[in-house]
Amino acid sequence: MKLLVLLALFGLGLAQHDPHIKHGRTTIVHLFEWRWADIAAECERFLGPKGFGGVQISPPNEHIILNSPWRPWWQRYQPISYNLCSRSGSEDELRDMITRCNNVGVNIYVDVVINHMCGVTGGEGTHSSCGSWFNADKRDFPSVPYSSLDFNDNKCRTSSGDIENYGDKYQVRDCRLVGLLDLALEKDYVRGKVADYLNKLIDIGVAGFRVDASKHMWPGDVDVVYRRLNNLNTKWFPGGSRAFIFQEVIDLGGEGISTGEYFHLGRVTEFKYSAKLGTIFRRWNGEKLCYTRNWGEGWGFMPNSNAVVFVDNHDNQRGHGAGGASIVTFWDSRLHKMAVGYMLAHPYGVTRVMSSFRWNRHIVNGKDQNDWVGPPSYSDGSTKPVPVFPDQTCGDGWVCEHRWRQITNMVIFRNVVNGQPHTNWWDNQSNQVAFGRGDRGFIVFNNDDWDLDVTLNTGLPGGTYCDVISGQKEGSSCTGKQIHVGSDGRAHFKISNSEEDPFVAIHAESKL
Ligand code: QV4
Ligand code: CA
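All figures in this text were calculated on a predicted structure; none of them were measured in a lab.

Trainee: Before we move on, can you summarise the state of the cysteines with the specific residues and values?
Mentor: Within the structure shown, the criterion is met by five disulfides. One disulfide in the model links cysteine 43 with cysteine 101; its S-S distance is 2.0 Å. Residues cysteine 43 and cysteine 101 are joined through a disulfide that is right-handed, its torsion about the S-S bond being 90°. Within this pair, whereas cysteine 43 is found in helix α2 (residues 36–47), its partner cysteine 101 is found in helix α3 (residues 91–103), the two being separated by 58 residues in sequence. Accessibility expressed as a relative area gives 0% for cysteine 43, which makes it buried. Across a sulfur-sulfur distance of 1.9 Å, cysteine 85 and cysteine 130 are joined as a disulfide pair. Taking the torsion about the S-S bond as the criterion, the cysteine 85 to cysteine 130 disulfide, at about 125°, is right-handed. Placement of cysteine 85 in the loop between β2 (54–57) and α3 and of cysteine 130 in the loop between β5 (124–125) and β6 (134–135) is noted, with a sequence separation of 45 residues between them. In this structure cysteine 118 is not part of a disulfide, and its nearest cysteine sulfur, from cysteine 130, lies 14 Å away. Overall, cysteine 118 belongs to the buried group, its relative accessible area being 0%.

Encoded structure:
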């Protein structure tokens, strides 16, 4: 009997590690701060056709509206209620988007903020995205409703009431993260409200959740919430499917809490991956690309079956969270394309691509004074739509990294090589490396300051392949470089260090 219970628990846990991505697709894109109407259109016109597996959306629930600074992006990480009206749109628009994305096989993963409500200095009034009244001083959020009984004020033992020492796991979980009113998730009532919120989203059709600030919640508390979740909507998912759970835990080592405490509950964000890959491509601290031969668990990262990986995220691309200056973002577009290309070619983890908006960076003593700036907006504070042009680029400050040819084509590459082993490694003991994925794909990088000129075993069947970085296969022709693979699987590669994109990728579906 005990064994059966254990098996059931284990099974439930593992089920929450599956992103339920459809049609052999592999990759999630974070459309940070996009409006629901734009995401719906993007699923139909781009993400579905190009083989993206899912979208991480910004928090859809009611949040505070702040005027000083002027509507920062991070106001959405300060919940006021679980009503579904946010800066990205109304509940109707959210429902329409989820339906339309599901209908083209693109899953929706919701960023859920369940550790806290707004900041302690959030004030009193109706400055919230659905117009609900609240009083932060009194811990009064009638639209949930939550009252002062539902927060951890009496449990936290620091004098400020905020987290002061990340080495102390009681503080990290029971005190306020940067002043954010900390919910008492040990209470059945609070667990119930959170589960209701998540279940509402599940019933509308989402595939899972990015659980914000997971480090700040006791694993036992969120476990109870996860167990109360409904199975996914059978209109789009097989009966019995459990929500995909991926938990935001920043663990670069040396803190009181480690990612391992959350492995049984779902996947976890691997921030070491992001920080290290940036350091490697920047060639800082003596790092070299050739050292990535055993990339993944060999680097001390979490087990493959637990990892969600990314080159940058909405925090570390602007100096929030962790990782620091090594993070490679769209601001360093050449390195960014290479790093994302490496991530997407490599088998480790569930991959997430960042899609950003631009802001005026103003770095003083290493700190960006404009790290708060919100999405492209009109003067009334409402978010601008994402215009897309015939050349596939986006306007009005939306960066749309996911639409950059090199990145889109690597998303397709990952789908084509899905399930194939990491093979045929080559390196020059410096920053030129190559590896294959069985007999389905091969990629070569030159991040040295000199040319690459080498003949390599690709593992691919003989033929002529189109490089999907310098161009792509269109009909029966190739708009980029052509690579000739001999009947012995060998091919000659020449990549100048001064090329716009010093890497080459070929795969089974780019064969001419
Ligand atoms: C300020 C002071 C506090 C003071 C407080 C109250 O700094 O010392 O106690 O006022 O007087 C914003 C401000 C922050 C302010 C806070 C409360 O930046 O200065 O505190 O609001 O008013 C995002 C932003 C935060 C932002 C927060 C809420 O990054 O800057 O705080 O939203 O709007 C750790 C965590 C990790 C977290 C990461 C950033 O372990 O979980 O920090 N990452 C996630 C999200 C992130 C989000 C949150 C968590 C919070 O990815 O985007 O924070 O939901 O590593
Ligand atoms: Ca907490």
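Trainee: Residues and numbers for the coordination of the calcium ion (ligand 2), please.
Mentor: In the first shell of the calcium ion (ligand 2), the protein supplies Asn115 (OD1), Arg173 (O), Asp182 (OD), Asp182 (OD) and His216 (O), at 2.4 to 2.6 Å from the metal. Donor residues for the calcium ion (ligand 2) sit on one chain with the sequence pattern N-x57-R-x8-D-x33-H. Placement of the pair is aspartate 182 in strand β7 (residues 180–182) and histidine 216 in the loop between β8 (208–211) and α6 (219–227), with a sequence separation of 34 residues. Accessibility classification places aspartate 182 together with histidine 216 in one group, the buried group.

Cut-offs used in this document
- Residues numbered from 1 in each chain as written.
- Chains lettered and ligands numbered in written order.
- Predicted model: local features only at pLDDT ≥ 70, side-chain atom pairs only at ≥ 80, totals over all residues.
- Heavy atoms only, no water.
- Disulfide = S-S within 2.5 Å.
- Helix = DSSP H or I, 4+ residues; strand = E, 2+ residues; numbered from the N terminus.
- Buried < 20%, exposed > 50% of the residue type's maximum accessible area, 1.4 Å probe, protein only.
- Donors = N, O, S within 2.8 Å, 3.2 Å for Na, K, Ca; no water.

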